[in-house]
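Secondary and tertiary structure notes
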Amino acid sequence: MPHKTLSDFVEAQAKEFGVPGVAVGVLLDGREIYASHGVTSLGNPLPVDEKTLFHLASVSKTFTATALMRLVAEGKVDLDAPVRRYVPELKLADERATAQITVLNLLNHTAGLDWNLIDDGKGDRSLAGLVAKLPQLALIAPPGARPSYSQAGYNLVGRVIEKVTDLPFEQAMASLVLEPVGLADTVYGLAEVMVRKFAVGYNRGEDGEMHPARPWGAFKEGARADNPGGGLASSASDLLRWARFQLGDGEGVVPASVLHRMREQTVGLRASSLGDGLGVCWFLHDLNGVHGIGHGGSGNGQFAELLIVPERNFAVVSLANVGPDGHPFNQSVVRWALEHYLGVVEQEAEPVPYDEEQARQIVGRYEIDAMSLDFATDGTRLTLAVDIKPEIREASDEEMPPGYPAAAIGFLPGDDDEYIVTEGGLKGQRGYFSRDDDGTVIGVDLAGRLFNRVVEAP
């Protein structure tokens, strides 16, 4: 039986996915519709509502990018200028790349920077400290050559903001964006989170039991260097206020023309479930002919999703506090809201039947700094397992989110080496394999990031 209301659907999906607490908001023709279910914490339960704070993780990037674009509008930053104009001390693994990378390369993930440097809790954990460590970060492509999603790139944007404003990043964000837009519950740091009602994140262990996620958020307290790329906490109501701002005239904070520029494609994305292209930060979606802009976030036991449809004055936000099932929960809410309120139905991609020869070409291990992907076959189907590297887990004195156990994937029609995950917590994720000039598979894209092949299957 179809669910008649948003509340009915949210409750049913939260139960189906086993999410302790969820908050959902929809903006429809200026009207706000909210639906919440469950509790902030299994140990100290309070009902979740639209004011409950969740960790936004990478949805934070949309705030960082908008603040930077305000500085562009004020003539203080040039998108096409090299980052070194604003951060003269910048050094990367390759000097030529260091000189070439522009501010826009950081904002649309085309700088060629790998994902991030792991915060080990030691040394200088400020943005200046991060910049000093950047020579250790691998470069995966020349600047401008291709998009590959980089947390480090956005953290470097935060350092640009600090340098240009001469303020600590968090203070700069408050004065540039958060306060003038009226986002009183969009905050950095546990000191601000803990005086508001907030959701505790959970990870479901292999035994099916829920374990509170430690640390709260995606990184240890004090890791200010990760705030630009993923440090905000916020609520469903503040995120709808943020969506209203993005849909409006800029309210004297940012010119409407600059907000609109952020939605214009700067680079295309191939076979990506994140979107069809990137604007300035925003992932661009062709929703059966209707244009959407959005961004997701995955923290430690917390997942956030924001999608805005400017031409229909529509937005949907979904926040959930369990890993890994918070992600498919949020995706299901966005799909339902698009269909129910806008009549937009996204077409599911259908994989082709298993092909042994094709499978043999790609099986093996692929890595970025902290994570590994294992593609395997049993002769009847292909699977993908995703995990944090064992040495990273062992070196950490904090619990880390569990990996994604082996789940089926299938190739999509055509000769483009594109695939889709067909089950498990990553269901619906799309990507593609890269080959060298000899046709050997050397890398794979997943969640917008390039993973290089390190081991071929025997």
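A short tour of the structure in this document, coming up. (Residues numbered from 1 in each chain as written. Predicted model: local features only at pLDDT ≥ 70, side-chain atom pairs only at ≥ 80, totals over all residues. Heavy atoms only, no water.)

So, the overall build of the protein chain
Within the protein chain one finds 14 helices and 22 strands. Compactness check: the protein chain gives a C-alpha radius of gyration of 21 Å against a globular reference of 23 Å for 458 residues, within 12% of the reference. In terms of overall dimensions, the protein chain has a C-alpha envelope of 60 × 60 × 45 Å along the principal axes. Every one of the 458 residues in the protein chain was classed for burial, and the buried ones make up 56%. Across the protein chain, the fraction of contacts at a sequence separation of at least 24, relative to all contacts at a separation of at least 6, is 61%. Put simply, the protein chain shows about 18,700 Å² of open surface, and 49% of that area lies on carbon and sulfur atoms. Counting 40 positive and 64 negative side-chain charges, the protein chain places the averaged centre of each group 4 Å from the other. (Helix = DSSP H or I, 4+ residues; strand = E, 2+ residues; numbered from the N terminus. Rg over C-alpha atoms; globule rule 2.2 N^0.38 Å. Buried < 20%, exposed > 50% of the residue type's maximum accessible area, 1.4 Å probe, protein only. Contact = heavy atoms within 4.5 Å. Areas by Shrake-Rupley, 256 points an atom, 1.4 Å probe, with all protein chains shown as cover. Lys, Arg positive; Asp, Glu negative; His and termini not counted. Charge placed at Lys NZ, Arg CZ, Asp CG, Glu CD.)

Topic: the sheet that holds strand 3 (residues 54-55)
Strand pairing in a sheet relies on backbone hydrogen bonds, with the paired strands running either antiparallel or parallel. Judged by pairing direction, the sheet is antiparallel, and its three strands sit side by side in the order 3-7-4 without closing on themselves. The open sheet terminates on both sides in strands that have one partner only, identified here as strand 3 and strand 4 (187-188). Across two bridges, the pairing between strand 3 and strand 7 (residues 232-234) is antiparallel. When the bridges of strand 7 are listed, Phe54 appears paired with Ser234. (Pairing = 2+ DSSP bridges.)

As for the pattern of salt bridges
Note on pairing: side chains with opposite charge can pair once their charged atoms come close. Within the structure shown, the criterion is met by 21 salt bridges. Close ionic contact of Glu89 with Arg159 constitutes a salt bridge, the shortest N to O distance being 3.8 Å. Of this pair, Glu89 sits in the loop between helix 2 (60-73) and helix 3 (95-100) while Arg159 sits in helix 6 (residues 151-165), and the two are 70 residues apart along the sequence. Residue Glu89 is classed as partly exposed on the basis of its relative accessible area of 35%. Measuring nitrogen to oxygen at the nearest pair gives 2.8 Å for the salt bridge that ties Arg159 to Glu162. In this pair, Arg159 and Glu162 are both assigned in helix 6, three residues apart and thus about one turn of the helix distant. Residues Arg159 and Glu162 agree in their burial class; the two are buried. Ionic contacts of the salt-bridge type, sharing partners, join the residues Glu89, Arg159, Glu162, Lys163, Glu170 and Arg224 into one network. (Salt bridge = Lys/Arg side-chain N within 4 Å of Asp/Glu carboxyl O.)

Quick look at the packing of helix 2 against helix 6
Interaxial distance between helix 2 and helix 6 falls to 10 Å at its minimum, and their mutual angle equals 40°. Here the hand of the crossing between helix 2 and helix 6 comes out left-handed. Here Lys61, Thr64, Ala65, Ala67, Leu68 and Leu71 of helix 2 lie close against helix 6, whose contacting residues are Gln151, Tyr154, Val157, Val160, Ile161, Val164 and Thr165. Per-class residue counts for the contact of helix 2 with helix 6 are nine nonpolar, three polar and one charged. (Axes fitted to C-alpha atoms, helices over the stretch in contact; angles between N-to-C directions. Left-handed = near helix turned anticlockwise from the far one by under 90°. Nonpolar A, V, L, I, M, F, W, Y, C, P; charged D, E, K, R; others polar.)

Overview of the packing of aromatic side chains
Counted by the stated rule, this structure contains 15 aromatic pairs. Taking 4.1 Å as the distance between ring centres and 10° as the angle between the ring planes, the aromatic pair formed by Phe63 and Trp242 counts as stacked. With Phe63 in helix 2 and Trp242 in helix 10 (residues 236-247), this pair connects stretches of sequence that are 179 residues apart. Each member of the pair Phe63 and Trp242 is classed as buried. Ring centres of Phe375 and Phe433 lie 5.1 Å apart, and the angle between their planes is 65°; this geometry places the pair in the edge-to-face category. Residue Phe375 is located in strand 16 (residues 371-377), and its partner Phe433 is located in strand 20 (residues 430-435); the two are separated by 58 residues in the primary sequence. An aromatic cluster of three or more residues is present, and its members are Tyr366, Phe375, Phe411, Tyr419 and Phe433. Over the ring of Tyr432 we find Arg270; its NZ or CZ atom is 3.9 Å from the centre of that ring. Just above the ring of Trp115 sits the side chain of Arg449; from NZ or CZ to the centre is 4.0 Å. (Phe/Tyr/Trp six-rings, centres within 6.5 Å; stacked < 30°, edge-to-face > 60°. Lys NZ or Arg CZ within 6 Å of the ring centre and 35° of its normal.)

Describing the nonpolar core
One recurring pattern in soluble globular proteins: nonpolar side chains tend to sit buried together. The biggest cluster of nonpolar side chains holds 75 residues, and the ones touching the most others in it are Phe63, Leu68, Val83, Leu107, Leu134, Ile161 and Trp242. Setting aside its immediate chain neighbours within four residues, Ile161 contacts Thr64, Ala67, Leu68, Leu71, Phe169, Ala172, Met173 and Leu176. Core analysis: the next-biggest nonpolar cluster, separate from the first, contains 31 residues, Val24, Leu28, Ala337 and Leu338 among them. (Core = buried A, V, L, I, M, F, W, Y, C linked by side-chain atoms within 4.5 Å.)

Remarks on the sheet that holds strand 13 (residues 314-320)
With respect to topology, eight strands assemble into an open sheet ordered 2-1-13-12-11-10-9-8, the strand pairing being antiparallel. Where the open sheet ends on each side, the last strands, each with one partner, are strand 2 (31-38) and strand 8 (267-268). Relative to strand 13, strand 12 (residues 303-309) runs antiparallel, the two sharing seven bridges. Paired with Phe303 across the two strands is Ala320, which belongs to strand 13. Lying on the sheet, helix 1 (residues 6-17) is in contact with strand 1 (21-28) and strand 2; it crosses strand 2 at an angle near 30°.

Quick look at the environment of Ser60
With respect to the element layout, Ser60 can be found in helix 2. You can call Ser60 buried: its relative accessible area is 0%. The spacing of Ser60 and Asn227 is 167 residues in sequence and 8.0 Å in space, taken between C-alpha atoms. Apart from the residues within four sequence positions on either side, Ser60 is in contact with Asn227, Pro228, Gly229, Gly230, Gly231 and Leu232.

Some words on unusual backbone geometry
Geometrically, the link from Arg214 to Pro215 is a cis peptide bond, its omega value of 0° lying close to zero. The amide bond that connects Gly323 to the next residue, Pro324, takes the cis arrangement and shows omega of 0°. Even without being a glycine, Asp166 presents a positive backbone phi close to 60°. Mapped onto the elements, Asp166 comes out in the loop between helix 6 and helix 7 (169-181). Residues other than glycine seldom take positive phi values, yet Asn288 does so here, at roughly 55°. Its location among the elements puts Asn288 in the loop between strand 10 (283-287) and strand 11 (290-298). Residue Asn288 is classed as partly exposed on the basis of its relative accessible area of 48%.

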